[in-house]
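A structural walkthrough
Spelled out, the chains give:
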Amino acid sequence: MIELRACIDVDDLDKAIAFYTQTLGLKLGRRLGSDWAELLGASSPIDLLAKPAGSPASPGVAPVRDYHRHWTPVHLDFTVTGLDEVVRRAQAAGATLERDIQEREWGRMANLADPFGHGFCLLEFKGRGYDALVGN
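Described below are features of the structure shown in this document. Just so you know, these numbers come straight off a predicted model, no measurement behind them.

Quick notes on the overall build of the protein chain
In terms of regular secondary structure, the protein chain is built from three helices and nine strands. Put simply, the protein chain runs from its N terminus to its C terminus through helices and strands in the order β-α-β-β-β-β-α-β-β-β-β-α. The globule rule puts the C-alpha radius of gyration for 136 residues at 14 Å, and the 16 Å found for the protein chain is close to it. If you line up the protein chain on its principal axes, its C-alpha atoms span 45 × 35 × 30 Å. For the protein chain, the residues scored as buried account for 35% of the 136 residues in total. Considering only residue pairs separated by 6 or more positions, the protein chain has 46% of its internal contacts joining residues 24 or more positions apart. By element, 55% of the accessible surface of the protein chain is carried by carbon and sulfur atoms, the whole surface being about 8200 Å².

Now the structure itself:
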């Protein structure tokens, strides 16, 4: 069996722990000093990795870490209930709602950026959720 662990680079570990626990109700699992924390409560553990802004993203690659809003083809989607309240908590904790909440056949979606520039989505399914799209 393969276990998926999501890793999120941040420049302030305590701020990141507060953001993800207060916004999504995740719980702090383990912590190793000021460099790493494990969040539990999602379907996969989320590791927060403290990396300073300007540090190399990868050896031998030009981009450096930048915690302003940035785009990447990989992002996290969190399924929630009470989408409006979760969006309010996220914004109060420093997230940016990037466009109005969208109504879809499968439910509702909010596109946000966390305080570290990472995009993420909050999804609230209704009825059969994504199964409504495939007709099963």
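What about the sheet that holds strand β4 (residues 46-50)?
The mixed open sheet is built from four strands, whose spatial order is β1-β4-β3-β2. Each edge of the open sheet is held by one strand with a lone partner, namely β1 (6-10) and β2 (27-32). In this sheet, neighbouring strand axes are inclined to one another by 25° on average, regardless of whether the strands run parallel or antiparallel. Bridging between β1 and β4 involves five bridges; their strand directions are parallel. Bridge pairing links Ile-8 to Leu-48 in β4. Helix α1 (residues 13-24) contacts β1, β2, β3 (36-40) and β4 of the sheet and is inclined by roughly 160° relative to β2.

Definitions and limits used
- Residues numbered from 1 in each chain as written.
- Predicted model: local features only at pLDDT ≥ 70, side-chain atom pairs only at ≥ 80, totals over all residues.
- Heavy atoms only, no water.
- Helix = DSSP H or I, 4+ residues; strand = E, 2+ residues; numbered from the N terminus.
- Rg over C-alpha atoms; globule rule 2.2 N^0.38 Å.
- Buried < 20%, exposed > 50% of the residue type's maximum accessible area, 1.4 Å probe, protein only.
- Contact = heavy atoms within 4.5 Å.
- Areas by Shrake-Rupley, 256 points an atom, 1.4 Å probe, with all protein chains shown as cover.
- Pairing = 2+ DSSP bridges.
- Axes fitted to C-alpha atoms, helices over the stretch in contact; angles between N-to-C directions.

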